[in-house]
Amino acid sequence: MPMPVVNTPQYTGYPPQTPAPTTASSYGSYSTGSGYTPSSYPSQGYGAQGYPSQGYHQPSSNPPYPTPQGSTPYPSVAKTGVATTSATPSETQNQSSLSDDQIRMSVLSAVEDKMKRRLKEIFAQAQAEMDVLKKTQDDLKMGKTKLDEMLSTLQREQNEVDKNIAILQEKDEEIRTAIGKLESQGEVNIDEAIMTTTPLYRQILNAFAEEQAIEDAIYYLGEALRKGVIELDVFLKQVRELSRKQFMLRALMTKCRSKAGLH
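Residues numbered from 1 in each chain as written. Predicted model: local features only at pLDDT ≥ 70, side-chain atom pairs only at ≥ 80, totals over all residues. Heavy atoms only, no water.

So, the overall build of the protein
Under the convention used in this document: Per the convention used, a helix needs a DSSP run of H or I reaching at least four residues, while a strand needs a run of E reaching at least two, with both numbered from the N terminus. With a 1.4 Å probe rolled over the protein chains alone, any residue whose accessible area is under 20% of its type maximum counts as buried; one over 50% counts as exposed, and the rest are partly exposed. The contact definition used throughout considers only heavy atoms, calling two residues in contact when any of these lie within 4.5 Å. Accessible surface area values rest on a Shrake-Rupley calculation with a 1.4 Å probe, where residue burial reflects the displayed protein chains alone.
A tally of regular secondary structure across the protein gives 4 helices and 0 strands. Ordered by position from the N terminus, the helices and strands of the protein form the series α-α-α-α. When each of the 263 residues of the protein is scored for burial, the buried share is 11%. Taking as baseline every contact in the protein between residues at least 6 positions apart, the subset at least 24 positions apart corresponds to 63%. With an accessible surface of roughly 21900 Å², the protein has 58% of that area assigned to carbon and sulfur atoms.

So, the nonpolar core
Rules: Side-chain atoms within 4.5 Å are what join buried Ala, Val, Leu, Ile, Met, Phe, Trp, Tyr and Cys residues into a set we call a nonpolar core.
One finds Ala207, Ile214, Leu221, Phe235, Val239, Leu242, Leu249 and Met253 forming the largest nonpolar core, which totals 8 residues. Counting only elements with at least two residues in this core, the list comes to α3 (199-227) and α4 (232-260).

Some remarks on the side chain of Glu211
The following threshold applies: Here a polar contact means two N or O atoms within 3.5 Å. Within protein one must be a hydrogen donor candidate and the other an acceptor candidate, and residues neighboring in sequence count only if both atoms are side-chain atoms.
Note on placement: Glu211 falls in helix α3. Here Arg250 takes part through its side chain, which lies 2.9 Å from a polar atom of the side chain of Glu211. Those residues in contact with Glu211, other than ones at most four positions away along the chain, are Gln246, Leu249, Arg250 and Met253.

Here's the deal with the packing of aromatic side chains
The condition that has to hold: Between the rings of Phe, Tyr and Trp (Trp by its six-membered ring), a pair exists once the centres lie within 6.5 Å; its type follows the angle of the planes, with under 30 degrees stacked, over 60 edge-to-face, and the other angles tilted.
For the coordinates displayed, the defined rule picks out 1 aromatic pair. Judged by centre distance (5.2 Å) and plane angle (75°), the ring pair of Tyr219 and Tyr220 falls under edge-to-face. Per residue, the accessibility class of Tyr219 equals that of Tyr220, and both read exposed.

With respect to the confidence of the model for the protein
Interpreting fine coordinate detail is not advised for predicted regions of low pLDDT. Cut-off, in case you're wondering: The predictor reports its confidence for every residue as pLDDT, a score running from 0 up to 100.
Here the protein averages 74 in pLDDT, while 62% of its residues score no lower than 70. Contacts of residues 67-72 to residues separated by more than four positions or lying in other chains number 7 contacts, the stretch itself having pLDDT below 50. Across residues 74-85 the pLDDT falls below 50, and counting only partners more than four positions away or on other chains, this stretch makes 17 contacts in the model.

Quick look at the packing of α3 against α4
The condition that has to hold: Structural elements are reduced to axes, namely lines fitted to C-alpha atoms, with helices fitted over the stretch in contact, and the angle between N-to-C directions of any two is expressed from 0 to 180 degrees. We call two directions roughly parallel when the angle between them is under 35 degrees, roughly antiparallel when it is over 145, roughly perpendicular when it lies between 65 and 115, and oblique otherwise. Helix crossings get a hand from a simple test, with the near helix turned counterclockwise from the far one by less than a right angle marking a left-handed crossing and a clockwise turn marking a right-handed one. Ten residue types, Ala, Val, Leu, Ile, Met, Phe, Trp, Tyr, Cys and Pro, are classed as nonpolar, four, Asp, Glu, Lys and Arg, as charged, and the remainder, Gly among them, as polar.
Viewed as axis vectors pointing N to C, α3 and α4 meet at an angle of 160°, and their least axial separation amounts to 9 Å. As judged from the angle between their axes, α3 and α4 are roughly antiparallel. Crossing handedness for the pair α3 and α4: left-handed. Of the residues that constitute the contact of α3 with α4, the class distribution is 19 nonpolar, 5 polar and 7 charged.

Focus: α4
Residues lying three or four places apart along an α-helix face the same way, a consequence of the helix completing one turn every 3.6 residues. Under the convention used in this document: Any helix carries an expected span of 1.5 Å times its number of residues minus one.
The terminal C-alpha atoms of α4, which comprises 29 residues, lie 41 Å apart, in line with the 42 Å expected from a rise of 1.5 Å per residue. Buried within α4 are the following residues: Phe235, Val239, Leu242, Gln246, Leu249, Met253 and Cys256. Those residues of α4 that are buried lie in contact with α3. Two residues or fewer after α4 comes Gly261, characterised by a positive phi angle close to 70°.

Laid out in structure tokens, this is it:
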């Protein structure tokens, strides 16, 4: 860690010098960082940084400062905890290494943040694709279920159609046999084609046939009135008579069906 700088007075006309260390053990060669090593100093009565040079002891590896005659030594300053301004090579190396470590940690942190962001984006994209695929899978499963139900329904309907086809083929054979018999008998009287088993059933049959004939007559009377073939008075008179007769026939059929137990 660099120590605080001690401000010393500067004198015009003298080159800057490195401040002297506080102890003799911390001395080394004078170096200004550019390979320059001072060998002699001006002899105006002042040493490095403007201090008097008398009484100042140089290390054994360097020549002493020249001391003018009659000068008094500069009073020594007591130590107050203020360190020298110059940093040793080991401190400079530690500062350089700390600076490199900080740069490396900063780069690693930036790369880590960028990788995290990239991984987060990739994960979000993959998650979205997985959600889409999951939804598609659910839709396909639902469609498969519906298709299975439709196939089952079609299979049931096909079975029913096959049964109906078999029944229709049997009925067709029966009709063909009946037509063959009728053709062999010659002409058939329509009135005698239907034979009832009891007189009550014959009465119901005759009443029903007559009632249907009256229904047809009323229909054609209405068509004649619409086309202007008959007058309104004639239409009303005929419809009233036919309606009364139709009512009586329906009442008779209802009574006969009740007696025969056909309700």
